[in-house]
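What the coordinates show
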Amino acid sequence: MTAMTDNPIFAVAAKAEALRARGVDVITLAAGEPQAASSAVVVEAAVAAVRDPATHHYGTAQGDPALRALVADVVSGDTQLPWSAGDVQIALGAKHALFLAVQALIEAGDEVLVAAPGWPGHAEVVTAAGGIAVPVATDEEFRVSAEALDRCRTPRTRAVMLSSPGNPTGAVYPECRLRQIADWAERYGVWVISDDIYRAFDYTGTYRSVLQVAPQLFGRTVVVGGVSKEHAMTGWRVGWLAAPPEIIVSARLHVARTITHVPTVNQRAALAALGDTSTPVEAARDYRRRRALLVEALNGIDGIECPLPDGGMFAFPDVSELLRDCGWSSSADLATWLLDTAHLAVVPGEAFNAPGHIRVCFAVDDDTLITAVERLLTALRSAEHKSAVRQIEEAR
Ligand SMILES: Cc1ncc(COP(=O)(O)O)c(C=O)c1O
């Protein structure tokens with residue numbers, strides 16, 4: 001049996017939920033999801049779908065052809081390459097799509113390169129598929145380079161996971177870096193799994209699909225996406241992969257033999273979401289404003305250094321100086337203290353292979369974010385005050 005451990009992000013969310021169940025007013029900036037409800041368009045489409053007897057029976061394993069056609073349009077737009085409904089497999093969220101891609105690509109013991117810091121789900125799906133996730137250290141802007149990938153390459157390297165904008169770092173890969181990575185992948189016959197789940201949240205205007213920049217990788221690249229983040233639909237569990245035929249066949253068979261297909265009602269909801277182009281644009285506009293508010297507040301705290309993320313929905317400050325100054329032994333210690341003292345949930349950097357950092361989500365409404373920032377400032381100022389008093393006493 002493959003040994004698996006709990007995702008640390010879920011552990012924080014579970015602790016916050018337990019406090020909430022005891023009546024504590026917890027604010028969580030820990031979850032990697034929009035706080036907003038799914039749009040009325042999505043909800044109405046789902047209600048209509050529930051009323052349609054056609055959704056009450058089995059559908060096809062590959063997914064609703066109408067949804068696959070719309071996904072193909074989205075991926076064709078991003079990559080500037082011709083994808084059709086037949087090139088798409090509908091999955092139970094982007095994470096399931098990543099799993100399906102990896103299981104199609106690897107044999108047991110094959111290696112897949114993942115960014116460190118990076119989202120733990122990338123390594124988890126590799127392990128779940130029987131592979132070995134090899135962490136690749138990112139540069140100071142949280143991007144992997146062709147050189148770093150090459151240092152981690154072995155004869156068993158089968159694929160690299162690329163995620164732009166990234167989680168937790170928000171890093172967006174510029175064209176030149178994508179081109180270098182694509183050249184490296186082509187040279188060594190490595191597949192690229194492009195996780196584009198945050199594609200709508202690019203605040204720099206520089207986001208490009210790796211396939212747009214390096215179309216020669218068509219045939220060696222899997223594009224993964226979904227409605228979870230762009231359309232505030234994490235609970236609906238609809239994602240997809242667009243890939244060459246051999247990957248799609250494998251993914252379809254895996255789906256057919258395990259879950260049969262993604263629930264039809266949920267696919268209808270996703271279909272409606274893809275017809276609604278305004279929700280992601282509005283969300284991105286709101287997140288851009290909240291990103292500025294949060295990053296400015298974090299940088300106002302002694303011992304915290306927070307770069308402005310280029311994309312995504314998280315601030316990822318370096319808190320190592322704060323830990324040292326206030327006597328916390330790790331980011332996990334700080335996160336526990338914040339939850340217990342300020343009733344504020346954030347994710348410690350250890351969850352992303354990045355001790356000395358915390359991840360703070362800004363995809364919450366303005367009031368929640370402002371209250372959270374006030375709690376954070378109040379709690380940390382009291383901690384700094386206590387630590388200053390302690391240092392004075394020790395010096396006496
Ligand atoms: C980089 C990245 N990819 C994929 C996912 C999973 O998305 P979904 O909820 O559609 O499975 C997440 C969720 O946090 C993520 O951060």
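Scroll up to find the structure this text is about.
Rules used in this analysis
Residues numbered from 1 in each chain as written. Predicted model: local features only at pLDDT ≥ 70, side-chain atom pairs only at ≥ 80, totals over all residues. Heavy atoms only, no water. Helix = DSSP H or I, 4+ residues; strand = E, 2+ residues; numbered from the N terminus. Buried < 20%, exposed > 50% of the residue type's maximum accessible area, 1.4 Å probe, protein only. Contact = heavy atoms within 4.5 Å. Areas by Shrake-Rupley, 256 points an atom, 1.4 Å probe, with all protein chains shown as cover. Lys, Arg positive; Asp, Glu negative; His and termini not counted. Charge placed at Lys NZ, Arg CZ, Asp CG, Glu CD. Pairing = 2+ DSSP bridges. Axes fitted to C-alpha atoms, helices over the stretch in contact; angles between N-to-C directions. Parallel < 35°, antiparallel > 145°, perpendicular 65-115°, else oblique. Left-handed = near helix turned anticlockwise from the far one by under 90°. Nonpolar A, V, L, I, M, F, W, Y, C, P; charged D, E, K, R; others polar. Patch = residues over 30% accessible without salt bridge, like charges linked within 9 Å, V, L, I, M, F, W, Y side chains within 5 Å. Salt bridge = Lys/Arg side-chain N within 4 Å of Asp/Glu carboxyl O. Expected span 1.5 Å × (residues − 1). Arc of directions from axis to C-beta. Core = buried A, V, L, I, M, F, W, Y, C linked by side-chain atoms within 4.5 Å. Domains from an automatic or database assignment. Near = heavy atom within 4 Å. Polar contact = N/O pair within 3.5 Å; in protein donor to acceptor, adjacent residues only side chain to side chain. Disulfide = S-S within 2.5 Å.

1. So, the overall build of the protein chain
From N to C terminus, the protein chain includes 14 helices and 12 strands. The principal-axis extents of the C-alpha atoms in the protein chain amount to approximately 75 × 50 × 45 Å. Buried positions account for 56% of the 396 residues belonging to the protein chain. The contacts in the protein chain between residues at least 6 apart in sequence include a share of 74% that link residues at least 24 apart. Accessible surface, the protein chain: about 16,900 Å² in total, of which carbon and sulfur atoms supply 54%. Positive and negative side-chain charges of the protein chain, numbering 34 and 47 respectively, have mean locations separated by a distance of 3 Å.

2. Some remarks on the pairing of strand β7 (residues 221-226)
Counting buried positions along β7 yields 6 of 6 residues, so the element is predominantly enclosed. Here β7 shows two buried faces, one formed by Thr221, Val223 and Gly225 and the other by Val222, Val224 and Gly226. Bridge analysis of strand β6 (residues 191-195) against β7 gives 4 bridges, and the strand direction is parallel. Residue valine 192 lies in a different strand from β7, and its bridge partner there is threonine 221. For β7 and strand β8 (residues 239-242), the ladder comprises 4 bridges, and the chain directions are antiparallel. The partner of glycine 225 across the bridge, within β8, is tryptophan 240.

3. Observations concerning the packing of helix α4 (residues 94-105) against helix α5 (residues 120-128)
When two helices pack together, their arrangement is captured by the angle between the axes and the distance separating the axes. Interaxial distance between α4 and α5 falls to 9 Å at its minimum, and their mutual angle equals 45°. When the axis of α4 is compared with that of α5, the two are oblique. Along this stretch, α4 crosses α5, giving a crossing that reads as right-handed. From α4, Lys95, Leu98, Phe99 and Val102 reach across to α5, where they touch Gly121, His122, Glu124, Val125, Val126 and Ala128. Of the residues contributing to the contact of α4 with α5, the split by class is 6 nonpolar, 2 polar and 2 charged.

4. Regarding a negative patch on the surface
Taken together, the side chains of Asp302, Glu305, Glu321 and Asp325 define an acidic patch exposed on the protein surface. With respect to the helices and strands, glutamate 305 occurs in the loop between α11 (278-299) and β9 (314-315). Owing to a relative accessible area of 57%, glutamate 305 belongs among the exposed residues under this scheme.

5. Here we look at the environment of histidine 254
Summarising the element assignment, histidine 254 is placed in helix α9 (residues 245-258). For histidine 254, a relative accessible area of 23% puts it in the partly exposed group. Histidine 254 sits 151 residues away from glutamine 103 along the chain, and the two C-alpha atoms are 8.9 Å apart. Apart from the residues within four sequence positions on either side, histidine 254 is in contact with Phe99, Leu100 and Gln103.

6. Concerning helix α2 (residues 40-51)
Residue pairs three or four apart in sequence face the same way in an α-helix, which turns once every 3.6 residues. Look at α2: 17 Å from first C-alpha to last across 12 residues, which is about the 16 Å you get at 1.5 Å a residue. Of all the residues in α2, the buried ones are Val42, Ala45, Ala46 and Ala49. Down the axis of α2, the buried side of the element spans an arc of 100°, and every buried residue falls inside it. Exposed side chains of α2 directed beyond 90 degrees from the buried face belong to Ala40, Glu44 and Arg51. At its buried positions, α2 is contacted by α10 (264-274).

7. Quick word on the nonpolar core
Counting residues in each nonpolar core, the largest one holds 88 residues, and the members touching the most others are Met161, Ile193, Val222, Leu241, Leu322 and Leu334. Each of two domains, domain 1 (8-30 + 278-395) and domain 2 (58-274), supplies a minimum of three residues to this core. Those residues within four positions of leucine 322 in sequence are excluded, and the remaining contacts are Ile301, Asp302, Gly303, Ile304, Gly327, Trp328, Leu334, Leu380 and Glu384.

8. Regarding the site of the ligand
Lining the immediate surroundings of the ligand are Gly93, Ala94, Lys95, Trp119, Ser163, Asn167, Asp195, Ile197, Tyr198, Ser228, Lys229 and Arg237. For the ligand, an oxygen atom lies 2.8 Å from a polar atom in the backbone of alanine 94. At 3.5 Å from an oxygen atom of the ligand is found a side-chain nitrogen or oxygen belonging to tryptophan 119. In the complex, the protein chains occlude 93% of the 400 Å² of accessible area that the ligand would expose alone. Here the residues of the shell around the ligand sort into 4 nonpolar, 4 polar and 4 charged.

9. A few points about the sheet that holds β6
The strand order across the open sheet built from 7 strands is β2-β8-β7-β6-β5-β3-β4, with neighbouring strands paired in mixed fashion. What marks the edges here is a single partner per strand, and that holds for β2 (88-91) and β4 (132-137). Here the average twist between neighbouring strands, direction ignored, is 25°. Here strand β3 (residues 111-116) runs beside strand β5 (residues 157-163); their pairing, made up of 3 bridges, is parallel. Residue valine 112 lies in a different strand from β5, and its bridge partner there is alanine 159.

10. A look at the state of the cysteines
Applying the stated criterion across every chain yields a total of 0 disulfides. The cysteine cysteine 306 is free of any disulfide, with cysteine 361 supplying the nearest cysteine sulfur at 13 Å. Take cysteine 306: its relative accessible area is 6%, and that puts it in the buried class.

Function-wise, these values are silent; they only describe arrangement.
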